[in-house]
Amino acid sequence: MADPIVYVEQRIAAAFAKVGGAAAVGVDTAVRASDRADAQVNGSLALAKAMGLTPREVATKVLEVAEIKDICSDAQVAGPGFINLTFNNQFLARELMSSSASDKLGVRDATKPRKIVIDYSAPNVAKEMHVGHLRSTVIGDALVRMLMFVGNTVVRENHVGDWGTPFGMLIEHLVDSGETHAANELSVGDLDSFYRSARKKFDESEPFQARARARVVLLQSGDKETLRLWKLLVAESTRYFQMIYRTLGVLLEGTDIMGESAYNALLPQVVERLGKLKMLTTSDGAEVVFAEGFVNRENQPLPLIIRKTDGGYNYATSDLACVIDRVERLNADLLLYVVGAPQSQHLQMVAAVAKQAGWLQAPREMVHVSFGNVLGADKKMLKTRSGDTVKLDALLTEAVERAAAAVSEKNPELSDAAKADIARIVGLGAVKYADLSTDRIKDYTFDWDRMLSFDGNTAPYLQYAHARICSIFRRANIERASVRNFSPTISHAAERDLAMRVLQFDSALWDTIDKYSPHRLCTYLYDLAASFSSFYEQCPVLKAETETERDSRLMLCDLTARVMQTGLGVLGIEAPEQM
RNA sequence: GCGCUCGUAGCUCAACGGAUAGAGCAUUUGACUUCGGAUCAAAGGGUUGGGGGUUCAAGUCCCUCCGAGCGCGCCA
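Residues numbered from 1 in each chain as written. Chains lettered and ligands numbered in written order. Predicted model: local features only at pLDDT ≥ 70, side-chain atom pairs only at ≥ 80, totals over all residues. Heavy atoms only, no water.

A.B. asks: Requested: an account of the pattern of salt bridges, with residues and values cited.
C.D. replies: The final tally for this structure, using the stated rule, is 38 salt bridges. Across the salt bridge formed by Asp 506 and Arg 108, the nearest N and O atoms sit 2.8 Å from each other. With Asp 506 in helix 19 (residues 505–515) and Arg 108 in the loop between helix 4 (89–101) and strand 5 (115–119), this pair connects stretches of sequence that are 398 residues apart. Through salt bridges with shared partners, a single ionic network connects Glu 172, Asp 176, Lys 201, Arg 211 and Arg 215. (Salt bridge = Lys/Arg side-chain N within 4 Å of Asp/Glu carboxyl O. Helix = DSSP H or I, 4+ residues; strand = E, 2+ residues; numbered from the N terminus.)

Here it is in C-alpha cells:
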C-alpha cells in the first residue's frame with residue numbers, strides 16, 4: 001500500500017472508534033487530500049452532536065489517541081473541527097520506494113476480483129461507425145484496461161447490430177448490386193452509401209419493399225442462400241470494424257464479437273421461461289411484461305415487448321437473452337453496458353425484468369455506464385459541414401494529420417518514421433483523451449484546436465511531461481531501471497508536491513474504477529503532469545547540488561514517468577519517449 | 001402530459017455532502033548563456049439558472065419554478 005492517505009485512514013478510523021465508541025459507528029472517518037495540509041479528516045463534525053461535545057473537542061481527543069506519530073510530522077485541529085495531517089518526509093520516502101518496487105506502482109489489487117462482462121462499441125453491420133461509437137469504444141476500452149489492471153477477469157463483448165428487419169433490405173440490395181461489387185464497396189469502408197442506397201430503394205419502390213420483407217422471413221427461417229448472403233454482409237463489415245479498432249489501438253478483437261444474432265437460439269427460451277414464471281401478458285396481440293414502476297404517456301403501465309404481434313422478437317428479448325447468457329454461461333457477476341444515455345429507460349426495464357425473473361440476483365449487478373453526446377461548435381450533434389454524421393475513420397485520419405503538422409513544426413529534425421509514429425500516438429491520444437477527460441454523463445464539445453493543444457488538460461500536455469522525463473535519462477545516458485532502488489530524500493517543496501502526487505495514483509485509479517468515470521484518472525494525470533512541470537522548473541535533476549540529491553530526483557522522475565505511462569496506458573493512450 | 005439527464009468565470013471543463021468553488025483557453029504582466037519555452041510564475045475575472053427546505057456544513061441531497069437535451073408499445 002503506497003498511498004499515504006489510504007495508509008493513515010485505518011489508524012484514524014481506529015482512533016475514532018476508541019473515542020466515539022458506539023456513537024462512532026457509521027460516522028464518515030475518511031481521510032481526504034486537502035490544500036491546507038496533506039490530508040484532512042472531517043469525522044469530528046459529524047460525531048460531535050452524538051457525543052455532546054464540540055467538534056474541536058472531539059478532534060482533540062481523536063488526535064490524542066491516534067497512532068500516527070511515526071508517519072505524521074504535524075497533526076492539528078483547525079477551523080470548526082477539521083483535523084489537518086502532514087506526513088513526515090521519511091514516511092513519504094519509504095512509500096515512494098515501496099511504490100517504485102512494485103510493478104503496479106502501489107495500486108492495490110481488487111480485494112474480491114470479479115468476473116465482469118463489458119458490452120461496448122456495438123456498431124451496426126453495413127453502417128458507418130461514427131462519433132457515438134467512438135465514445136462507447138474509447139470509454140469501454142479504458143474501463144476494460146483498468147478493471148484488468150487491478151486483477152478482475154474481464155470479458156469483452158461487442159454487441160454488433162447484425163440482425164433484424166433492415167437486413168431484408170440490405171440483402172436484396174446486395175443481390176441487385178452483385179456480390180463482388182457490394183463486397184468491394186463494403187470493404188473500402190463505404191458502408192453508409194451502401195446502406196443509403198438500400199434505404200432509398202426501400203422507401204421508393206414497393207416491389208423492393210415486398211422483396212425485403214420476404215427476405216427477412218427467409219433470413220429468420222434459416223434459408224441457406226439467404227444466410228450465405230447475410231454472412232457476406234457481416235464479414236465485410238466486421239473486417240472493416242476490426243481495421244478501425246486496430247487504428248484506434250483498442251483491445252477489441254474479432255473474437256469479442258457477440259452480435260445480436262448470437263442470441264437467436266436463446267430467444268424462444270426467454271419467452272418460454274417468462275411464460276412459466278407467469279410474467280407474460282398478451283397486450284394488443286404482443287407478448288409483453290409489465291415491469292413495475294414504468295408508465296407510458298397516458299400514464300398506463302409501460303410494457304417491455306418480448307414478442308411482437310407478428311411473432312418476431314425484438315431488442316428487449318435479445319437483451320434479456322444477453323443477461324441469461326452472461327450470467328448462466330459466463331457466470332459473470334458484473335454486467336457493464338457502455339451505451340448512450342437515451343437507452344437508459346430501456347436498460348432499466350430489462351434489468352427490472354431480469355431481476356423479477358430471478359436471472360439477475362444480488363450481488364450480481366447490471367450497470368449502465370451511460371454517456372452523453374458529442375457536440376459540434378454549434379452545440380448540436382456533431383455533423384460534417386454537409387450535415388452528414390462524421391465518419392470515424394475520417395476523424396481519426398484528420399487527428400493524425402493535424403498532429404503530424406504539429407510534430408514537424410516543433411521537431412523538424414526527427415526522422416520521417418519517428419514523426420509518423422509520434423503523430424499517430426499524439427493524434428489518437430488527443431482524440432481519446434478529449435473523450436475521456438470530461439464527465440461521461442455530460443455532452444461534450446468536439447474541438448480540434450483545444451484537444452491538440454499542448455496547454456491545459458490535454459493528452460499532448462501529459463505526453464510531453466513524460467517525454468521530458470525520458471529526455472533527461474537519454475541525455476545523461478542513464479538506464480531508467482538503474483535508479484529504481486535509490487532511496488529518495490525530499491527537500492524542496494516542489495519535490496514534495498510531486499512525491500505526494502505520485503503516491504496518490506492508487507486512490508485516483510480506484511476512485512475512477514468505483515465510479516466507472518475515466519475523467520477522474522485524467523484529472524489526476526493532469527495534476528501529476530502539472531506537478532512535474534513545476535518540479536522540473538525548480539529542481540535541477542542532472543545538475544543537482546549533490547549526488548544524493550541527483551539520485552533521489554532521478555528516482556522520483558523515473559517513478560513519475562512510470563505512473564504517467566501506466567496511467568495513460570489504462571486509458572488506452574500511449575506515451576512516446578520523444579515528441 | 002409523465003420520466004431521465006444537464007445548467008458552475010467571456011469560452012471549454014473540474015470539484016467522496018466539508019473550510020476561501022478550482023484549472024485551461026482568452027485578457028494583462030513577468031521568466032530563455034541553465035536537464036526540451038509543446039514550459040513555468042503571477043494578476044484580474046463567480047449571487048454555482050431563480051426560490052424554498054434538510055444538515056454542524058449544500059454547486060452537490062429534497063421540493064418547486066425557469067431553460068436545454070433525450071426518452072415514453074411492437075426500429076435497434
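Still more to cover.
A.B. asks: Lay out the protein's contact with RNA strand B with the relevant residues and their values.
C.D. replies: As a matter of local geometry, RNA strand B sits amid 62 residues, with Arg 32, Arg 36, Tyr 315, Phe 454 and Tyr 536 nearest to it. Sugar and phosphate atoms form 54% of the subset of RNA strand B atoms that lie within 4 Å of the protein. Take Tyr 315: an N or O atom from its side chain is 2.2 Å from a base nitrogen of RNA strand B. Only helix 2 (43–51), strand 4 (82–87), strand 8 (286–295), strand 9 (301–307), strand 13 (444–445), helix 17 (459–476) and helix 20 (518–538) provide two or more residues apiece to the surface near RNA strand B. (Near = heavy atom within 4 Å. Polar contact = N/O pair within 3.5 Å; in protein donor to acceptor, adjacent residues only side chain to side chain.)

A.B. asks: Quick one: what's the story with the packing of helix 4 against helix 21 (residues 547–570), residue by residue and with numbers?
C.D. replies: Helix-helix packing is described using two parameters, namely the angle between the two axes and the distance between the axes. Contact pair helix 4 / helix 21: the axes reach a minimum separation of 10 Å and the direction vectors enclose 50°. It follows that helix 4 is oblique to helix 21 by the angle criterion. The way helix 4 lies across helix 21 gives a crossing that is left-handed. Residues Leu 96, Met 97, Ser 99 and Ser 100 of helix 4 form the contact with helix 21, whose own contacting residues are Met 555, Leu 556, Leu 559 and Arg 562. Considered class by class, the residues forming the contact of helix 4 with helix 21 number 5 nonpolar, 2 polar and 1 charged. (Axes fitted to C-alpha atoms, helices over the stretch in contact; angles between N-to-C directions. Parallel < 35°, antiparallel > 145°, perpendicular 65-115°, else oblique. Left-handed = near helix turned anticlockwise from the far one by under 90°. Contact = heavy atoms within 4.5 Å. Nonpolar A, V, L, I, M, F, W, Y, C, P; charged D, E, K, R; others polar.)

A.B. asks: So what's going on with the pairing of strand 4? Residues and values would help.
C.D. replies: Taken residue by residue, a regular strand's side chains alternate between the two faces of the sheet. Bridge count for strand 2 (residues 39–41) against strand 4 is 3 bridges, and the pairing is antiparallel. Within strand 4, the residue paired with Val 41 across the bridge is Ile 83. Sheet analysis places strand 3 (residues 72–78) next to strand 4, joined by 6 bridges and oriented antiparallel. Residue Cys 72 lies in a different strand from strand 4, and its bridge partner there is Phe 87. Between strand 3 and strand 4, which follow one another and run antiparallel, lie 3 residues, and Gly 79 among them has a positive phi close to 55°. (Pairing = 2+ DSSP bridges.)

A.B. asks: Tell me about helix 1 (residues 4–20), residues and numbers included.
C.D. replies: For the α-helix, the turn length of 3.6 residues means that residues three or four positions removed from each other point alike. Along its 17 residues, helix 1 runs 24 Å from first to last C-alpha, staying within 8% of the 24 Å computed at 1.5 Å per residue. Within helix 1, the full set of buried residues consists of Pro 4, Ile 5, Val 6, Val 8, Ile 12, Ala 15, Phe 16, Val 19 and Gly 20. A side-chain oxygen of the first residue of helix 1 lies 2.9 Å from the backbone nitrogen of Ile 5; this N-cap is Asp 3. (Expected span 1.5 Å × (residues − 1). Buried < 20%, exposed > 50% of the residue type's maximum accessible area, 1.4 Å probe, protein only.)

A.B. asks: Can you lay out the sheet that holds strand 4 for me, pointing to particular residues and giving the numbers?
C.D. replies: The 4 strands are arranged 1-2-4-3 in an open sheet whose pairing can be described as antiparallel. Both outer strands of the open sheet, strand 1 (31–33) and strand 3, are each paired with one neighbouring strand and no more. Put simply, the sheet's adjacent strands are angled 25° from each other on average, direction ignored. Its contacts with the sheet place helix 1 against strand 1, strand 2 and strand 4, and it is angled at close to 145° to strand 1. The strands touched by helix 3 (residues 55–65) within the sheet are strand 3 and strand 4, with strand 3 carrying the most contacts at an inclination of about 160°.

A.B. asks: Can you break down the packing of aromatic side chains residue by residue, with the values?
C.D. replies: A ring pair, where both rings are aromatic, is described by two values, the distance of the centres and the angle of the planes. Applying the stated rule across the entire model yields 8 aromatic pairs. Aromatic side chains Tyr 7 and Phe 91 sit 5.1 Å apart centroid to centroid with 55° between the ring planes, which places their arrangement in the tilted category. Linking Tyr 7 in helix 1 with Phe 91 in helix 4, this pair joins segments that are 84 residues apart in sequence. The class for Phe 91 is buried, based on a relative accessible area of 2%. Clustering of aromatic rings is evident, with ring pairs tying together Tyr 7, Phe 87 and Phe 91. (Phe/Tyr/Trp six-rings, centres within 6.5 Å; stacked < 30°, edge-to-face > 60°.)

A.B. asks: How would you sum up the packing of helix 15 (residues 416–436) against helix 17? Please name residues and give values.
C.D. replies: Where helix 15 meets helix 17, the closest approach of the two axes is 8 Å, and the angle between their N-to-C directions is 130°. When the axes of helix 15 and helix 17 are compared, the pair comes out oblique. Touching Ile 425, Val 426, Gly 429, Ala 430 and Tyr 433 of helix 15 are Ala 459, Pro 460, Leu 462 and Gln 463, all from helix 17. Of the residues contributing to the contact of helix 15 with helix 17, the split by class is 7 nonpolar, 2 polar and no charged.

A.B. asks: Quick rundown of the nonpolar core? Include the residues and the values.
C.D. replies: Judged by nonpolar contacts, the single largest core of 155 residues is most densely connected at Leu 395 and Leu 571. The contact partners of Leu 395, leaving out residues within four places of it in the chain, are Val 131, Leu 134, Val 390, Val 431, Phe 446 and Trp 448. (Core = buried A, V, L, I, M, F, W, Y, C linked by side-chain atoms within 4.5 Å.)

A.B. asks: Mind laying out the pairing of strand 11 (residues 365–371), listing which residues take part and the relevant values?
C.D. replies: For strand 11, a buried count of 5 out of 7 residues is recorded, marking the element as mostly surrounded by other parts of the structure. By the bridge criterion, 7 bridges tie strand 10 (residues 334–340) to strand 11 in an arrangement that is parallel. Bridging across to strand 11, Tyr 337 finds its partner in His 368.

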